[in-house]
Amino acid sequence: MSISPSKQAAIAVYRNLLKTQRQVFVGDPKAIQAAKKETYARFMQYKNESNVDILEEKLELADQVSALLRQNVVVAVREEEGSLLKLHIKGREGNIDFGDVAGQAKK
């Protein structure tokens, strides 16, 4: 039994989106799980869709979401108790002291 090209494309896009989510949200299992759950739900909405135009539109949207996640998500991780957060920005890392900002936000 052969998989149609549109199903092959959907599987490839789905796997790519999950891979992107794992890379972007590395170290945050809750975020990965939430993204995975949402992705699964969105793909299942159209699992019986037969209109090729709609399928292509949704697959393009999934590719755009993947690119958006890779290019625009900033992940901040608190390494230890204190005010320093480690930022992961487009594969680069840097430290920014948010101590004053965090203190003001609590007031």
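Everything that follows concerns the structure shown earlier in this document.
Residues numbered from 1 in each chain as written. Predicted model: local features only at pLDDT ≥ 70, side-chain atom pairs only at ≥ 80, totals over all residues. Heavy atoms only, no water.

So, about the packing of aromatic side chains. Think of a pair of aromatic rings as described by two things: how far the centres are apart, and how the planes are tilted against each other in angle. Under the definition given, this model contains one aromatic pair. Aromatic pair Tyr 14 and Phe 43: ring centres 4.9 Å apart, planes at 70°, arrangement edge-to-face. Here Phe 43 lies in helix α2 (residues 29–45) and Tyr 14 lies in helix α1 (residues 5–24), a separation of 29 residues in the sequence. (Phe/Tyr/Trp six-rings, centres within 6.5 Å; stacked < 30°, edge-to-face > 60°. Helix = DSSP H or I, 4+ residues; strand = E, 2+ residues; numbered from the N terminus.)

Quick look at the nonpolar core now. Grouped together as the largest cluster of nonpolar side chains are twelve residues: Val 13, Tyr 14, Leu 17, Leu 18, Val 24, Phe 25, Ala 31, Ala 35, Phe 43, Leu 59, Ala 62 and Leu 69. Elements supplying a minimum of two residues to this core: α1, α2 and α3 (52–72). No other element matches the five residues that α1 contributes to this core. Discounting chain neighbours no more than four positions away, the residues touching Ala 35 are Gln 21 and Phe 25. (Core = buried A, V, L, I, M, F, W, Y, C linked by side-chain atoms within 4.5 Å. Buried < 20%, exposed > 50% of the residue type's maximum accessible area, 1.4 Å probe, protein only. Contact = heavy atoms within 4.5 Å.)

Here Thr 20 shows up in helix α1. Its relative accessible area of 2% is what places Thr 20 among the buried residues. At 2.8 Å, the side chain of Thr 20 forms a polar contact with the side chain of Ser 66. Discounting residues that sit within four places of it in the chain, Thr 20 has contacts with Ser 66, Leu 69 and Arg 70. (Polar contact = N/O pair within 3.5 Å; in protein donor to acceptor, adjacent residues only side chain to side chain.)

Moving on, we come to α2. The terminal C-alpha atoms of α2 lie 24 Å apart, and with 17 residues this matches the ideal 24 Å at 1.5 Å per residue to within 8%. Along α2, the positions that sit buried rather than exposed are Ala 31, Ala 35, Thr 39 and Phe 43. One side of α2 holds all its buried residues, which, seen down the axis, span an arc of 90°. Residues of α2 that are exposed and angled more than 90 degrees away from the buried face: Pro 29, Lys 30, Lys 37 and Gln 45. (Expected span 1.5 Å × (residues − 1). Arc of directions from axis to C-beta.)

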